[in-house]
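Close look at the chain arrangement
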Amino acid sequence: MIERLKLTIVVENTTSHHKPGLWGQHGLSILIEADLGSESMCILMDTGASSDVLLHNMDVLGIDSDDIDLIFLSHGHYDHTGGLMGLLKRTKRRVPVLAHPGILSPKLRSGPFLRSIGIPFTRVDIENTGAVLLLPRNSVAVAPGIMTTGEVERRRSFESVEGFWTISDGIYREDRIDDDQALVISIKNRGIIVISGCAHSGIVNIVDQARRLTCSDSVYAVIGGFHLMGSDDERIRRTAEALLDLDPEIVRPGHCTGVRAIAQLQATLGDRCQPLFTGDVIEL
Ligand SMILES: [Zn+2]
Ligand SMILES: [Zn+2]
């Protein structure tokens, strides 16, 4: 279990006037500093869409790349992986990069025309920087009280994936984005914290999986991208109601959640729900 946790939103779509000098960009990157008691661990979850924004914001926030013990990539889309190479080139350590093996598969979007939205690097590019690429499909305990979800079971019927495409076994087909994962952190006396990238697996499916993995029903916080941009009102309403049922203290949606969904989540959850901005620091 984690004693104390500090999250810093290094890159997000929006900036706030409370944190001047930071750049916003469609993407996400969150620094997670966890106090493990005798030691501390520093995880960078996702890297935004480009290294110029990531490294600029890290410099403004005073984050040293050599302090990062682990890079966790929530999935293979460019807006979460684009900053990776620039960061790895700056890092002197042989830093482990943990993700699902599907991050390297082709990722395409069809509307209004076919675009590649996958990771803009190859496995060789990444490994040539000295980084250690770790690609398990299942959940990994990265520290006592911190684990990845692994591939997320999709049980909630309203949380479907639409509009994404891939090529597997030579066939162009719809992409379920099986590589989508989140981090789950158990905090002493509080419960679990779920940190999502884009939540393509569905934010409620992800929280369900986090509860199964930790055998805990007490959800303290849900933070990250909920991917409800462009979702219909029915899905947004059902998501907000499901989150209300889980009764978390803190809900911080950002990135691909979308303004309509954030408004609905705030209407349903009240003050517990506040949107994320670049530069936000959440201490728990
Ligand atoms: Zn995505
Ligand atoms: Zn995204």
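A few points on the structure. (Residues numbered from 1 in each chain as written. Chains lettered and ligands numbered in written order. Predicted model: local features only at pLDDT ≥ 70, side-chain atom pairs only at ≥ 80, totals over all residues. Heavy atoms only, no water.)

With that settled, consider the sheet that holds strand β9 (residues 141–143). Within the open sheet, the six strands sit side by side as β9-β10-β13-β14-β15-β16. Their pairing is mixed. Each edge of the open sheet is held by one strand with a lone partner, namely β9 and β16 (250–254). Averaged over all neighbouring strand pairs, the angle between strand axes comes to 15 degrees, with direction disregarded. Two strands pair when backbone bridges link them, and strand β15 (residues 219–225) and β16 are joined in this way by five bridges, in the parallel orientation. Residue pairing in the sheet places G225 in a bridge with G254 of β16. Together, β10 (146–148), β13 (182–187), β14 (191–196) and β15 form the strand contacts of helix α5 (residues 203–214), whose direction differs from that of β14 by roughly 140 degrees. (Pairing = 2+ DSSP bridges. Helix = DSSP H or I, 4+ residues; strand = E, 2+ residues; numbered from the N terminus. Axes fitted to C-alpha atoms, helices over the stretch in contact; angles between N-to-C directions. Contact = heavy atoms within 4.5 Å.)

Together, L114, I167 and Y172 make up an exposed nonpolar region whose accessible area comes to about 290 Å². Tracing the chain through its elements places I167 in strand β11 (residues 164–168). I167 sits in the partly exposed class, given a relative accessible area of 41%. (Patch = residues over 30% accessible without salt bridge, like charges linked within 9 Å, V, L, I, M, F, W, Y side chains within 5 Å. Areas by Shrake-Rupley, 256 points an atom, 1.4 Å probe, with all protein chains shown as cover. Salt bridge = Lys/Arg side-chain N within 4 Å of Asp/Glu carboxyl O. Buried < 20%, exposed > 50% of the residue type's maximum accessible area, 1.4 Å probe, protein only.)

Within helix α1 (residues 51–61), burial applies to V53, L54, L55, N57 and M58. Summarising the contacts, the buried residues of α1 are in contact with β1 (4–11), β2 (29–35), β3 (40–45) and α3 (84–90). A positive phi of about 75 degrees marks G62, the residue just after α1.

Moving on, we come to the coordination of the zinc ion (ligand 2). Protein coordination of the zinc ion (ligand 2) is provided by D79 (OD), H80 (NE2), C198 (SG) and H255 (NE2), with donor distances spanning 2.1 to 2.2 Å. Given four donor atoms and angles of 87 to 158 degrees at the metal, the environment of the zinc ion (ligand 2) is assigned as irregular. Between consecutive donors of the zinc ion (ligand 2), the numbers of intervening residues give the motif D-H-x117-C-x56-H. Separating the zinc ion (ligand 2) from the zinc ion (ligand 1) is a gap of 3.6 Å. (Donors = N, O, S within 2.8 Å, 3.2 Å for Na, K, Ca; no water. Tetrahedral: all angles 85-135°; square planar, octahedral: opposite > 155°, others 65-115°.)

The strand order across the open sheet formed by four strands is β7-β6-β11-β12, and the pairing between neighbours is antiparallel. In this open sheet, the two strands that pair with only one neighbour each are β7 (115–116) and β12 (171–174). Of the pairings in the sheet, the one linking strand β6 (residues 108–109) to β11 comprises two bridges and is antiparallel in character. Residue pairing across strands places R109 opposite F164, the latter belonging to β11.

The linkage connecting G111 with the following residue, P112, adopts the cis geometry, with an omega of -5 degrees. Structurally, P112 is set in the loop between β6 and β7. Phi at D46 is positive, roughly 70 degrees, even though this residue is not glycine. Within the fold, D46 resides in the loop between β3 and α1.

Time to look at a negative patch on the surface. On the surface, a cluster of negative charge is made up of E33, D64, D67 and E283. Tracing the backbone through its elements, the reader meets E283 in strand β17 (residues 281–283). Judged by relative accessible area, E283 falls into the exposed class, the value being 61%. (Lys, Arg positive; Asp, Glu negative; His and termini not counted. Charge placed at Lys NZ, Arg CZ, Asp CG, Glu CD.)

Here is the key point about a regular strand: its side chains alternate between the two faces of the sheet. Note that β11 and β12 share four bridges and pair antiparallel. Counterpart to T166 in the pairing with β12 is R173. Between β11 and β12, which pair antiparallel one after the other, the connecting turn spans two residues, and D169 there sits at a positive phi close to 50 degrees.

With that settled, consider the packing of aromatic side chains. Describing an aromatic ring pair means giving the distance of the ring centres and the angle of the ring planes. Evaluation of the coordinates by the stated rule reveals one aromatic pair. A centroid spacing of 4.8 Å and a plane angle of 15 degrees characterise the contact between W165 and Y172, whose relative ring orientation is stacked. Note on Y172: relative accessible area 40%, which makes it partly exposed. The lysine or arginine in question, R109, covers the ring of F164, its NZ or CZ lying 4.2 Å from the ring centre. (Phe/Tyr/Trp six-rings, centres within 6.5 Å; stacked < 30°, edge-to-face > 60°. Lys NZ or Arg CZ within 6 Å of the ring centre and 35° of its normal.)

Moving on: the pattern of salt bridges. Pairs can form between side chains of opposite charge once their charged atoms are near each other. Taken as a whole, this structure holds 21 salt bridges when the rule is applied. Salt-bridge contacts for K107 lead to D179; the nearest nitrogen and oxygen are separated by 3.1 Å. With K107 in the loop between β5 (96–98) and β6 and D179 in the loop between β12 and β13, this pair connects stretches of sequence that are 72 residues apart. Summarising the burial analysis for this pair, K107 and D179 share the class buried. Across the pair R252 and D280 runs a salt bridge, and its minimum N-O distance is 2.7 Å. With R252 in strand β16 and D280 in the loop between α7 (259–269) and β17, the pair connects residues that are 28 residues apart, well separated along the chain. For the pair formed by R252 and D280, the shared burial category is buried. Residues joined in a network through salt bridges with shared partners are R156, D208, R211 and D217.

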